[in-house]
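Working through the structure, step by step
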Amino acid sequence: MFAAERRQLILEMVRANGAVSLRELARVVQTSEVTVRRDVRALEAEGLLDRRHGGAVLPGGFTRESGFPQKSHLATAEKTAIADLAANFVEEGEAIVVGAGTTTQELARRLARVPGLTVVTNSLLVAQALAHANRVEVVMTGGTLRGSNYALVGSGAEQSLHGLRVSRAFLSGSGLTAERGLSTSNMLSASVDRALVQAAAEVVVLADHTKLGTDTMFQTVPTDLITRLVTDEPPAHDDRAATELQALADQGVQIAVTGGQGGSAGAGAGGPGGDAVPARQQRRDVPLPGPRRQVPGAGGQLRSASASMLGEQGPGAERARVADLRRR
């Protein structure tokens with residue numbers, strides 16, 4: 001295939017899907033990733049597309065959302081490995097929420113084997129994957145069906161989540177950055193995802209490396225509310241994705257990276273068969289039951305201040321002060 005033919009095909013794929021990884025482009029045009037990267041640079045110089053970490057997107061900075069048929073064929077091996085790893089964070093008898101997406105659909109297929117599980121979802125694909133799991137209870141939200149990703153959205157979906165409390169939320173999206181967190185290209189989907197987050201004590205984001213550093217229009221989960229990121233290991237040449245992972249870890253997000261043998265590692269701690277991304281601060285898990293922490297670290301600062309005051313004066317001084325106030 002001539003260079004002009006390759007680049008035309010690459011451009012058509014990006015226009016059809018919104019975002020395509022270099023690995024997928026190389027597979028379709030049947031050439032090396034080095035050659036595809038060179039073609040992408042040439043197309044970017046002409047203003048026809050933008051380069052992103054390990055892939056190419058539509059020009060303009062914010063990618064549009066791809067339909068399910070396109071997304072289901074992108075980074076399939078990575079999504080499978082991520083789903084395998086993410087399933088390890090689900091325990092028997094838990095109640096969780098699972099958002100819409102092709103990666104969460106892969107996760108749902110693995111959750112069918114977890115006994116006593118309750119899964120709340122707005123995704124028809126997730127529900128379908130669990131439909132024949134005898135030991136799993138599936139709870140669907142209400143709402144309006146959005147055909148492009150087979151998800152229920154709108155006020156009906158959001159209202160059905162009010163008052164709900166579960167241990168974890170598993171979400172995916174169109175992009176993930178340390179600056180803005182998880183984002184998506186559709187306003188209705190973003191609104192429902194935010195409602196799912198409010199129902200959970202912990203948030204687990206499932207995102208392959210091609211989404212790292214990609215920023216889309218609507219924020220769904222700010223970085224300070226992401227408990228854990230489950231992702232695949234970026235290619236050796238993708239320094240920007242590795243930098244983004246480190247930036248997320250520096251903000252307290254626990255990183256679990258799929259390894260060659262399907263292992264994982266949390267931020268700041270080694271795991272079997274995986275690669276750890278060290279974090280300079282560990283994220284504190286939110287206990288159940290109780291309201292979701294809205295201002296990270298605020299409760300700890302208040303408790304520390306109270307302890308400091310008592311430590312300086314001692315319990316005897318505190319009782320004397322109370323007695324003096326009563327005499328007055």
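Anything mentioned here points back to the structure above.
Residues numbered from 1 in each chain as written. Predicted model: local features only at pLDDT ≥ 70, side-chain atom pairs only at ≥ 80, totals over all residues. Heavy atoms only, no water.

1. Thoughts on the sheet that holds strand E13 (residues 218–221)
Spatial ordering of the open sheet is given by E10-E11-E13, a layout of three strands whose pairing is antiparallel. Pairing within the sheet leaves two strands with one partner each, and these edge strands are strand E10 (175–177) and E13. Going from strand to strand, the sheet's axes swing by 40° on average, the running direction of each strand aside. In this sheet, E13 lies alongside strand E11 (residues 181–184) in antiparallel orientation, the contact comprising three bridges. Paired with Thr184 across the bridge in E13 is Phe218. Across the sheet, helix H9 (residues 187–198) is in contact with E11 and E13; its angle to E13 comes to roughly 20°. (Pairing = 2+ DSSP bridges. Helix = DSSP H or I, 4+ residues; strand = E, 2+ residues; numbered from the N terminus. Axes fitted to C-alpha atoms, helices over the stretch in contact; angles between N-to-C directions. Contact = heavy atoms within 4.5 Å.)

2. Overview of the packing of helix H2 (residues 22–29) against helix H3 (residues 33–45)
Axes are the key here: two packed helices are described by the angle between their axes and the distance separating the axes. Two elements in contact, H2 and H3, have axes whose closest approach is 9 Å; the angle formed by their N-to-C orientations is 105°. Looking at the two axes, H2 sits roughly perpendicular to H3. On the side of H2, the interface is formed by Leu22, Arg23, Leu25, Ala26 and Val29, while H3 contributes Glu33, Val36, Arg37 and Val40. Across the contact of H2 with H3, the residue classes tally to six nonpolar, no polar and three charged. (Parallel < 35°, antiparallel > 145°, perpendicular 65-115°, else oblique. Nonpolar A, V, L, I, M, F, W, Y, C, P; charged D, E, K, R; others polar.)

3. Side note on the pairing of strand E6 (residues 136–140)
Both strand E5 (residues 117–121) and E6 contribute to a ladder of five bridges, which runs parallel. Paired with Val119 across the strands is Val138, a residue of E6. In this view, the connection linking E5 to its parallel neighbour E6 by way of helix H7 (residues 124–129) has right-handed handedness. (Right-handed = clockwise from strand over helix to strand, strands pointing away.)

4. Description of helix H10 (residues 239–250)
An ideal rise of 1.5 Å per residue puts 16 Å on twelve residues; H10 measures up with 16 Å between its terminal C-alpha atoms. All of the buried residues along H10 are Ala241, Glu244, Leu245, Leu248 and Ala249. Looking straight down H10, one finds its buried side chains confined to an arc of 140°; they lie on one side. Residues of H10 that are exposed and point more than 90 degrees away from the buried face comprise Asp239, Arg240 and Thr243. Buried residues along H10 sit in contact with E10, strand E14 (228–232) and strand E15 (254–258). (Expected span 1.5 Å × (residues − 1). Buried < 20%, exposed > 50% of the residue type's maximum accessible area, 1.4 Å probe, protein only. Arc of directions from axis to C-beta.)

The values are spatial; any link to function lies outside them.
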